[in-house]
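These are the residues of each chain, in order.
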Amino acid sequence: MRAAVVTVPDTSPVCGDFPEPTVPPGHEPLHLVGAGLHNIVRGLATGGHYSHGQLTYPLVPGIDAVARTGDGCLVYTGYARPPFGTMAERLVAPFQAEVPAGTDPRPAIRT
């Protein structure tokens, strides 16, 4: 799948191919609509955050996102397990909160 990929700390992400996340039983892959580029995301991706030692590279950055489920519903989601962040075509995350119909999802992912 296509994703923003960080190959080593202290470098910018590049658009590239990344393996599909493993989908656990009872879950489905979500399709990215938009992901937030918050300061913590930048810090984690570049190795500047204090917890960067727990990360392995290459990785897909991103903590939260608005995504579409298989049946077309918009959800706010996040906390995908590294190395799979939310800045990828498809993601698997432990929680989903439905975005009410007709809502503009952009404010949910604003930086």
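Worth saying up front: this structure is predicted, and the values here are computed from it rather than measured.

(A) Focus on the side chain of aspartate 64. Positionally, aspartate 64 belongs in strand β4 (residues 64-68). Salt bridges are absent for the buried aspartate 64, whose nearest opposite-charge side chain, arginine 42, sits at 11 Å. Only 2.6 Å separates the side chain of aspartate 64 from the side chain of tyrosine 76, close enough to count as a polar contact.

(B) Spatial organisation of the environment of leucine 91. If you trace the backbone, leucine 91 turns up in strand β6 (residues 90-91). Ignoring sequence-local partners within four residues, the contact set of leucine 91 consists of Pro21, Glu28, Pro29, Leu30, Leu32, Thr77, Gly85 and Thr86.

(C) Just the packing of aromatic side chains, in detail. Per the stated rule, a full pass over the model turns up three aromatic pairs. With 6.0 Å between their ring centres and 55° between their planes, tyrosine 76 and phenylalanine 95 make a pair best called tilted. You can see tyrosine 76 sitting in strand β5 (residues 74-78) and its partner phenylalanine 95 sitting in strand β7 (residues 95-98), a full 19 residues away along the chain. Relative to phenylalanine 95, the ring of tyrosine 79 lies with its centre 6.3 Å away and its plane at 40°, an arrangement referred to as tilted. With tyrosine 79 in the loop between β5 and β6 and phenylalanine 95 in strand β7, the pair connects residues that are 16 residues apart, well separated along the chain. Grouped by ring-pair contacts, the aromatic residues Tyr76, Tyr79 and Phe95 constitute a single cluster.

(D) Summary view of the nonpolar core. Ranked by size, the top nonpolar core spans 15 residues in total, and within it Ala3, Phe18, Val60, Met87 and Ala88 carry the most contacts. Sorting the residues of this core by element identifies β1 (2-5) and α1 (39-46) as the ones contributing at least two each. The residues touching valine 60, leaving out its near neighbours within four places in the chain, are Ala3, Ala4, Phe18, Pro83, Phe84, Gly85, Thr86, Met87 and Ala88. Counting residues in each nonpolar core, the second largest holds five residues, with Leu30, Ala67, Val75 and Ala93 among its members.

(E) The arrangement of the sheet that holds β4 in detail. The five strands lie next to each other as β6-β3-β4-β5-β7, forming an open sheet whose pairing is antiparallel. The outermost strands of the open sheet, each flanked by one partner alone, are β6 and β7. Sheet analysis places β4 next to β5, joined by five bridges and oriented antiparallel. Bridge pairing in β5 links aspartate 64 to glycine 78.

(F) A look at the pattern of salt bridges. In total, this model carries three salt bridges according to the counting rule given. The salt bridge partner of arginine 90 is glutamate 20, with a shortest N-O separation of 2.4 Å. On the criterion of sequence distance, the pair formed by arginine 90 in strand β6 and glutamate 20 in the loop between β2 (14-17) and β3 (30-35) is long-range, its members being 70 residues apart. Assessed through its relative accessible area of 40%, glutamate 20 is described here as partly exposed. Between glutamate 89 and arginine 90 there is a salt bridge, and its shortest N-O distance comes to 3.8 Å. Bridged by salt links that share partners, the residues Glu20, Glu89 and Arg90 form one connected network.

Reading the values: rules and limits
- Residues numbered from 1 in each chain as written.
- Predicted model: local features only at pLDDT ≥ 70, side-chain atom pairs only at ≥ 80, totals over all residues.
- Heavy atoms only, no water.
- Helix = DSSP H or I, 4+ residues; strand = E, 2+ residues; numbered from the N terminus.
- Buried < 20%, exposed > 50% of the residue type's maximum accessible area, 1.4 Å probe, protein only.
- Lys, Arg positive; Asp, Glu negative; His and termini not counted.
- Salt bridge = Lys/Arg side-chain N within 4 Å of Asp/Glu carboxyl O.
- Polar contact = N/O pair within 3.5 Å; in protein donor to acceptor, adjacent residues only side chain to side chain.
- Contact = heavy atoms within 4.5 Å.
- Phe/Tyr/Trp six-rings, centres within 6.5 Å; stacked < 30°, edge-to-face > 60°.
- Core = buried A, V, L, I, M, F, W, Y, C linked by side-chain atoms within 4.5 Å.
- Pairing = 2+ DSSP bridges.

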